[in-house]
Amino acid sequence: RLGEPSVAGAVANRAGDEPAPGFDTGAKECTPLRLLTRGDTRRAEGLCRQALVTAGAASASWLSAHARVQLAQALEAAGDADSAETLYRTVVELSSQTPRPRQARESLFVELGGSPGAAALRDLARLTAARGDHDAANDLQAQAAAIAERDRASPSAPRGAAVAT
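Reading guide: rules and limits
Residues numbered from 1 in each chain as written. Predicted model: local features only at pLDDT ≥ 70, side-chain atom pairs only at ≥ 80, totals over all residues. Heavy atoms only, no water. Helix = DSSP H or I, 4+ residues; strand = E, 2+ residues; numbered from the N terminus. Buried < 20%, exposed > 50% of the residue type's maximum accessible area, 1.4 Å probe, protein only. Contact = heavy atoms within 4.5 Å. Areas by Shrake-Rupley, 256 points an atom, 1.4 Å probe, with all protein chains shown as cover. Axes fitted to C-alpha atoms, helices over the stretch in contact; angles between N-to-C directions. Parallel < 35°, antiparallel > 145°, perpendicular 65-115°, else oblique. Left-handed = near helix turned anticlockwise from the far one by under 90°. Nonpolar A, V, L, I, M, F, W, Y, C, P; charged D, E, K, R; others polar.

**Considerations on the overall build of the chain**
Then, number 1: The number of helices and strands found in the chain is seven helices and zero strands.
Then, number 2: Counting every position in the chain, which comprises 165 residues, the buried fraction comes to 35%.
Then, number 3: If you take every contact in the chain between residues at least 6 apart in sequence, the share linking residues at least 24 apart comes to 50%.
Then, number 4: Carbon and sulfur atoms make up 54% of the accessible area of the chain, which amounts to about 9,600 Å² in all.

Structure (structure tokens):
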């Protein structure tokens, strides 16, 4: 369908920007990151909201967390830092809850795309530093590193205690 992201972005190789052979590249330019890079915050926000609805319908909390981080980035780029901060904090709260087992596919997405909790903390640290609170920003960066390390653990390994925010 037109206007919907294809799998091309999901199968792009890590060495470059080109999708794997045999995949349609028609929607390659239609990713939130690319739209934000071009300054199209409205379309980026729309795609992120669509991804959030889709993730919710699939009951995929990890995918919802990634979609919330990207939506927060789009809102921040559009000048709505307060809403972005609220979304980042929601992701941090959800990511910091009692450790839970992960499905293998979640581990794959964390490995490929990183931890949504860590990404939210890093973005919160950036917003906090921009407000001049560098000590709090450093604390948030340390929490981001701890969550990123925790989320890299294998899905069958017991996960460490949650990082308080």
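**Remarks on the packing of helix H3 (residues 61–77) against helix H4 (residues 81–96)**
Helix packing for two helices is described by the angle between their axes and how far apart those axes are.
Then, number 1: The interhelical angle for the contact between H3 and H4, taken along N-to-C directions, is 160 degrees, at an axis separation of 8 Å. Between H3 and H4, the interaxial angle falls into the category roughly antiparallel. Here H3 and H4 pass one another in a crossing that is left-handed. Residues Ala-65, Arg-68, Val-69, Leu-71, Ala-72, Gln-73, Leu-75 and Glu-76 of H3 lie in contact with H4, whose contacting residues are Ser-83, Ala-84, Leu-87, Tyr-88, Thr-90, Val-91 and Leu-94.
Then, number 2: A per-class count over the contact of H3 with H4 returns 10 nonpolar, three polar and two charged.

So, to be careful, I would describe these as geometric facts and stop short of saying anything about function.
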